[in-house]
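Structural overview
As a plain string of letters, each chain reads:
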Amino acid sequence: MAMNSSNFQILVNAVLDAKNIQAQLDKISQKYATMKVGIDVDTSKLNSALSGLKGLKVGFDDTSTSAEKTSQSIGDIFTKVSKFGGVTLVINELRQSLMDGVDAVKELDAAVTEYKKVSDLTDEGMKQYIDTARELGLEVGKTSTEMIEASTNFKKMGRGDEESLQLAKLANMLRNVADEALSAGQAADFINAQMIAFNLTAQDAEHILDATNEVANRFAVSTGDLITAVPKVASTLSLAGNSMEQVYGLIVGAVEQMPGMASRVALGLRSVTLNLQKLGEDSSKASGYTANMEEAFNKLGITLMDENGQIKNTYDILKELAEVFPTLDKNTQTYYASLIGGKTQVN
């Protein structure tokens, strides 16, 4: 009979002896119950390590204390440096003030020396003069030096001591209202030139300041323009019969057309005035030139002469010409501009 090997099965009948196993385990337990494990430890190294840690702690404590002391030292140093810096600043400011004071004294001394050259004041009189200059200077916000510098300019023009000082006050008032920086000398020269040209007294001088300020406020002209132009033409235009107000009017009209060219305007007005008046030539040439110009102006319905047979002033002639000028053609305008101003003053 054939047999298939994969179908074999072996049946084992085993009985577990639990008592015997338990007995074996009890023997093992008794054998190893008193067993000890020996570990050899080098405690000297451990103690050394612990000592090192204690030393490190002490070091940290010392470092902390040192840091606190160092911090306190820096704070002390900073406080001391701050105090030193403050004291140094005060000393420097005091030193600078002293130096400024010395410079001021030197400047005043120089101004007084210059004034003494044109004045007969005694030493006592000069002291009183300086005191008065200081008082007037306080009224207009200027120093004694600035007041005396201005008064020196007036004194050189033959003014009295007291008058010069009062005019110096006006000059420094002009500096205060001017729209650009002026020296005491420039302000004084501006006032002086007009006082001489228009024969003004010290009492009239304040009118110069008022007129200058009014014109600068109302028209496109600066006080600088007036201060530049007026002294250059005041005498010439005054001799031609123009008043101070008319001179201001001529300058304003020209400078508004030629901004920033006050000096050229002044020279142009002077040339025009001399051409109209022919004051720079001898009488025979002047009369012939004036006759030809009179004839040319008569064609426009304008006369150069007044009812007394005298040549009109520059302001009146130009005012009459200005009324008809816009009605002329370009060539005619150029002709009359050249006739009265010359080729270089056509503008």
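Above: the structure in question.
Residues numbered from 1 in each chain as written. Predicted model: local features only at pLDDT ≥ 70, side-chain atom pairs only at ≥ 80, totals over all residues. Heavy atoms only, no water.

1. Remarks on the overall build of the protein chain
Put simply, the test is: Secondary structure is summarised from DSSP: a helix means a run of H or I of at least four residues, a strand means a run of E of at least two, and numbering begins at the N terminus for each. Partly exposed describes any residue whose relative accessible area lies between the buried limit of under 20% and the exposed limit of over 50%, with all areas from a 1.4 Å probe on protein chains only and scaled to the type maximum. Two residues form a contact once any of their heavy atoms are found within 4.5 Å.
Along the backbone of the protein chain there are 13 helices and zero strands. Within the span of the protein chain, comprising 347 residues, buried residues form 33% of the whole. Here the contacts in the protein chain between residues at least 6 apart in sequence split such that 61% fall between residues at least 24 apart.

2. Focus on the environment of Arg 175
Put simply, the rule reads: Pairs of N or O atoms within 3.5 Å make up the polar contacts considered here, provided that, within protein, one atom can donate a hydrogen while the other can accept it, and that residues adjacent in sequence are counted only when both atoms are side-chain atoms.
Here Arg 175 shows up in helix 5 (residues 161-177). Counting along the chain gives 33 residues from Arg 175 to Lys 142, while the straight-line C-alpha distance between them is 9.8 Å. A distance of 2.9 Å separates the side chain of Arg 175 from the side chain of Asn 172, its partner in a polar contact.

3. Let's talk about the pattern of salt bridges
Side chains that differ in sign of charge can pair as their charged atoms come close. Stated formally: Each salt bridge in this description consists of a side-chain nitrogen of Lys or Arg and a carboxyl oxygen of Asp or Glu lying within 4 Å of one another.
Counting across every chain of the model gives eight salt bridges. A salt bridge links Arg 134 to Asp 131; its shortest N-O distance comes to 3.0 Å. Placement of both Arg 134 and Asp 131 in helix 3 (residues 123-140) is noted, with a separation of three residues, approximately one turn of the helix. Judged by relative accessible area, which is 39%, Asp 131 ranks as partly exposed.

4. So, the nonpolar core
Short version of the rule: By convention a nonpolar core is built from buried Ala, Val, Leu, Ile, Met, Phe, Trp, Tyr and Cys residues, the set being connected through side-chain atoms within 4.5 Å.
Membership of the largest hydrophobic core comes to 73 residues, with the highest contact counts inside it found for Ile 148, Phe 190, Ile 191, Ile 208, Tyr 248, Ile 251 and Phe 297. The biggest single contributor to this core is helix 9 (residues 244-257), with eight residues. With near-sequence residues (within four places) excluded, Ile 251 lies in contact with Leu 226, Ala 229, Val 230, Val 233, Val 265 and Leu 269.

5. Description of the packing of helix 4 (residues 144-156) against helix 6 (residues 184-197)
Defined as follows: Only C-alpha atoms enter the line fits that serve as axes; for helices the fit covers just the stretch in contact. Angles between N-to-C directions range over 0 to 180 degrees. Note on convention: the crossing is left-handed when the near helix lies turned anticlockwise from the far helix by less than a right angle, right-handed when the turn is clockwise. Put simply, Ala, Val, Leu, Ile, Met, Phe, Trp, Tyr, Cys and Pro go in the nonpolar bin, Asp, Glu, Lys and Arg in the charged bin, and everything else, Gly too, in the polar bin.
Direction vectors running N to C along helix 4 and helix 6 enclose 35°, while the axes themselves pass 8 Å from each other. The crossing of helix 4 and helix 6 is right-handed. Taken together, the residues of helix 6 that come into contact with helix 4 (itself represented by Glu 146, Glu 149, Ala 150, Asn 153 and Phe 154) are Ala 184, Gly 185, Ala 188, Asp 189, Ile 191 and Asn 192. Partitioned by chemical class, the residues of the contact of helix 4 with helix 6 number five nonpolar, three polar and three charged.

6. Focus on helix 13 (residues 330-341)
Filter applied, for reference: By this rule the span expected of a helix is its residue count minus one, scaled by 1.5 Å. The arc in question is the one spanned by the directions pointing from the helix axis to the C-beta atoms.
In this model, helix 13 (12 residues) spans 16 Å end to end at C-alpha, consistent with the 16 Å of a helix rising 1.5 Å per residue. Of the residues making up helix 13, those classed as buried are Tyr 336, Ala 337, Leu 339, Ile 340 and Gly 341. The arc that holds the buried residues of helix 13, viewed along the axis, is 165°, so those residues lie on one side. Opposite the packed face of helix 13, turned more than 90 degrees from it, sit the exposed residues Lys 330 and Asn 331. One side-chain oxygen of the residue at the start of helix 13 lies 3.1 Å from the amide nitrogen of Asn 331, identifying that residue as Asp 329.

7. Some words on the packing of aromatic side chains
To describe a pair of aromatic rings, you give the distance between the ring centres and the angle between the ring planes. Cut-off, in case you're wondering: Stacked, tilted and edge-to-face are the three classes applied to pairs of Phe, Tyr and Trp rings, where Trp contributes its six-membered ring and a pair requires centres within 6.5 Å; stacked means planes under 30 degrees apart, edge-to-face means over 60, and tilted covers the rest.
Under the criterion given, the structure shown has three aromatic pairs. Ring geometry for Phe 297 and Tyr 336: centres 5.7 Å apart, planes at 80°, overall edge-to-face. Taken together, the residues Phe 297 in helix 11 (residues 283-298) and Tyr 336 in helix 13 connect sequence positions 39 residues apart. Accessibility classification places Phe 297 together with Tyr 336 in one group, the buried group. Put simply, the rings of Phe 297, Tyr 335 and Tyr 336 touch in pairs and so form one group of aromatic residues.

8. A look at the environment of Ala 205
On the secondary structure map, Ala 205 appears in helix 7 (residues 205-218). The exposure class of Ala 205 is buried, given its relative accessible area of 1%. Note: C-alpha distance between Ala 205 and Met 195 (10 residues apart in sequence) is 6.9 Å. Ignoring sequence-local partners within four residues, the contact set of Ala 205 consists of Leu 167, Leu 170, Ile 191 and Met 195.

9. A closer look at unusual backbone geometry
The residue Asn 199 is not glycine, and still its phi comes out positive at about 55°. With respect to the secondary-structure elements, Asn 199 resides in the loop between helix 6 and helix 7. A relative accessible area of 67% places Asn 199 in the exposed class.

Read these as layout, nothing more, since geometry by itself doesn't imply function.
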